[in-house]
Amino acid sequence: MLKQPDSMKQLESQAAEALRVLLGQVPAIKLIDIELESLRPDHGVDIVAHIEVSGRGHELVCEVKSSGQPRYVRTALLQLRSYVVHHGQDAIPVFIAPYLSPEAQALCRDQAVGFLDLEGNVRLLFNGVFIERLVASKPIVERRELKSLFKPKSAQVLRVMLRDPNRAWRVTELAETADVSLGHVSNVRVGLLDREWAQVSNAGMFLSEPDALLDAWRDAYESPAGKRMGFYTTLHGSVFEETARRVLLSDRKIGQAAFASFSAAHWLAPYGRIGTQYFYADDAGLAHLHTALKLSSAAKGENVVVTVLKDSGLFRDTVEPAPGAICTSPIQTYLDLAAAGERGREAADHLRREKLIWPK
């Protein structure tokens, strides 16, 4: 990531101050001074902090980046290791960024490089000194970027790729298959590559870390936008299932509807009995379900829940594990279950073990 002079000078000043405050909190460390190398014509690293520990001098050699995504961290770590060689044996490499995800922190640990971010995460280990503090918070920018990556149009791209993570995709081909614009695919591509959830080969982009992607999607998941409607039906057991399957199979011609959540999991990876049936539908699909399943107001207690979706992209990824049993895909079903309380999380874990295990 290119450094913009003014914004990077400000970031480096913030990084230097954060480092100064941190070191000042450790009685065993005597801070001599902190140099911002950008003020010198022959600068290589961004910050050098001169310290003493038990009478022995050390230099904290710090590289500052505006992005802490793994893709950029990996490059910066190589630079730091090279800088340290030229600074002598008492030089300690430290990477600093506005925010470092757990994956980025792990890269630093693997390369024996200390780290500090402006969110409060830190790890320094040298000469008998060990400082570590990890915080759960994420900056607004990081949360916004993750939400953007999982918005409906972007999610269409992710669902296509997660069907077969090892498949390599050209941008144009992926846009056509997911039915989104080239711009949407390009944005998703950047997000995946920056986080090192995807790689690029001669054949195109493929998912290298589908489990990490799915974990992040689950943690940031927001249920699809739509109107949730509760109903009651007198149909039960096999009669309900047979009627619903006939509706879903024929509904493709006049509308769209699919089993969702626990109801989809019943067909994909049964885990336990459910008392309520769940569907996603559009307006026409809801009308068809309402008539065929004899749905009425939920005054007696709802046993059918239909969410009428604002965006129909989710229906592009349905599966049919049995004739007429049109279900949300294993990915979508997993996400919905994981957000459905403790019982849902148990069902989600079972579904993942059964349907979402990818070869390494």
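The structure contained in this document is the topic of the report that follows. (Residues numbered from 1 in each chain as written. Predicted model: local features only at pLDDT ≥ 70, side-chain atom pairs only at ≥ 80, totals over all residues. Heavy atoms only, no water.)

## Comments concerning the overall build of the protein
Each helix and strand counted, the protein has 13 helices and 14 strands in total. When its C-alpha atoms are laid out on the principal axes, the protein stretches across 80 × 45 × 35 Å. Counting every position in the protein, which comprises 360 residues, the buried fraction comes to 48%. Carbon and sulfur atoms provide 50% of the accessible area of the protein, an area that totals close to 17,900 Å². Taken together, the 43 basic and 44 acidic charged side chains of the protein have centroids lying 6 Å from each other. (Helix = DSSP H or I, 4+ residues; strand = E, 2+ residues; numbered from the N terminus. Buried < 20%, exposed > 50% of the residue type's maximum accessible area, 1.4 Å probe, protein only. Areas by Shrake-Rupley, 256 points an atom, 1.4 Å probe, with all protein chains shown as cover. Lys, Arg positive; Asp, Glu negative; His and termini not counted. Charge placed at Lys NZ, Arg CZ, Asp CG, Glu CD.)

## Digging into the pattern of salt bridges
Counted according to the given criterion, the structure contains 16 salt bridges. Between lysine 147 and glutamate 222 there is a salt bridge; the shortest N-O distance is 3.3 Å. Highlighted residues: lysine 147 in helix α4 (residues 140–149) and glutamate 222 in the loop between α8 (210–220) and β10 (226–232), separated in sequence by 75 residues. The partly exposed category is assigned to glutamate 222, whose relative accessible area is 46%. Aspartate 215 is paired through a salt bridge with arginine 352; the nearest N and O atoms lie 2.8 Å apart. One end of the pair, aspartate 215, is in helix α8; the other, arginine 352, is in helix α13 (residues 341–355), with 137 residues separating them in the sequence. Residue class for arginine 352 comes out buried when judged on its relative accessible area of 13%. Through salt bridges with shared partners, one network takes in Asp211, Asp215, Arg218, Asp219 and Arg352. (Salt bridge = Lys/Arg side-chain N within 4 Å of Asp/Glu carboxyl O.)

## Thoughts on the side chain of aspartate 282
Checked against the element boundaries, aspartate 282 lands in the loop between β12 (277–281) and α11 (283–292). Of note is the side chain of aspartate 282, whose polar atom sits 3.3 Å from the backbone nitrogen of alanine 284. Other than its neighbours up to four places away in sequence, aspartate 282 contacts Gly255, Gln256, Val308 and Phe315. (Polar contact = N/O pair within 3.5 Å; in protein donor to acceptor, adjacent residues only side chain to side chain. Contact = heavy atoms within 4.5 Å.)

## Overview of the packing of helix α10 (residues 261–268) against helix α12 (residues 330–338)
Contact geometry for α10 and α12: axes closest at 9 Å, N-to-C directions at 130 degrees. Considering the angle they form, α10 stands oblique to α12. By crossing handedness, the relation of α10 to α12 is classed as left-handed. Facing Ser261, Phe262, Ala264, Ala265 and Leu268 of α10, the residues of α12 in contact are Pro330, Thr333, Asp336 and Leu337. (Axes fitted to C-alpha atoms, helices over the stretch in contact; angles between N-to-C directions. Parallel < 35°, antiparallel > 145°, perpendicular 65-115°, else oblique. Left-handed = near helix turned anticlockwise from the far one by under 90°.)

## Focus: the packing of helix α5 (residues 152–163) against helix α6 (residues 171–178)
Packing of α5 against α6 leaves a shortest axis separation of 9 Å and a crossing angle of 105 degrees. When the axis of α5 is compared with that of α6, the two are roughly perpendicular. Contact residues: α5 offers Gln156, Val157, Val160, Met161 and Arg163, while α6 offers Leu174, Thr177 and Ala178. Considered class by class, the residues forming the contact of α5 with α6 number 5 nonpolar, 2 polar and 1 charged. (Nonpolar A, V, L, I, M, F, W, Y, C, P; charged D, E, K, R; others polar.)

## A few points about the sheet that holds strand β14 (residues 304–309)
Read across the open sheet, the 5 strands follow the order β11-β12-β14-β10-β13; overall the sheet is mixed. Two strands lie at the open edges of the sheet, namely β11 (257–259) and β13 (296–297), each paired on one side alone. Two elements, β11 and β12, share 3 bridges in a ladder whose sense is antiparallel. Within β12, the position partnered with alanine 257 by the bridge is alanine 281. Lying on the sheet, α10 is in contact with β11 and β12; it crosses β12 at an angle near 105 degrees. Helix-sheet contacts for α11 involve β10, β11, β12 and β14, and the interaxial angle to β12 is about 140 degrees. (Pairing = 2+ DSSP bridges.)

## Re α5
End to end, α5 covers 17 Å across 12 residues, agreeing with the expected 16 Å (1.5 Å per residue, within 8%). Across the 12 residues that make up α5, a large majority, 9, are buried. Turning to α5, its buried residues are Ser154, Ala155, Gln156, Val157, Leu158, Arg159, Val160, Met161 and Leu162. Packing partners of the buried residues in α5 comprise α4, α6, α7 (182–194), β9 (204–207), α8 and α12. (Expected span 1.5 Å × (residues − 1).)

## Concerning the environment of isoleucine 331
As for its position among the elements, isoleucine 331 is in helix α12. A relative accessible area of 5% places isoleucine 331 in the buried class. Once the C-alpha coordinates of isoleucine 331 and glycine 114 are considered, the two residues, 217 residues apart in sequence, prove to be 37 Å apart.

## As for unusual backbone geometry
Positive phi values are uncommon outside glycine, yet alanine 112 reaches one of about 55 degrees. A positive phi angle is found at serine 261, which is not glycine, with a value near 50 degrees. Along the chain, serine 261 falls in helix α10.

## Re the packing of aromatic side chains
The tally for this structure, following the rule as stated, stands at 5 aromatic pairs. Three or more aromatic residues joined by ring pairs make a cluster, and in this case those are Phe240, Phe259, Trp267 and Phe279. The positively charged end of arginine 195 is found above the aromatic ring belonging to tryptophan 197, 5.8 Å away from the centroid. (Phe/Tyr/Trp six-rings, centres within 6.5 Å; stacked < 30°, edge-to-face > 60°. Lys NZ or Arg CZ within 6 Å of the ring centre and 35° of its normal.)

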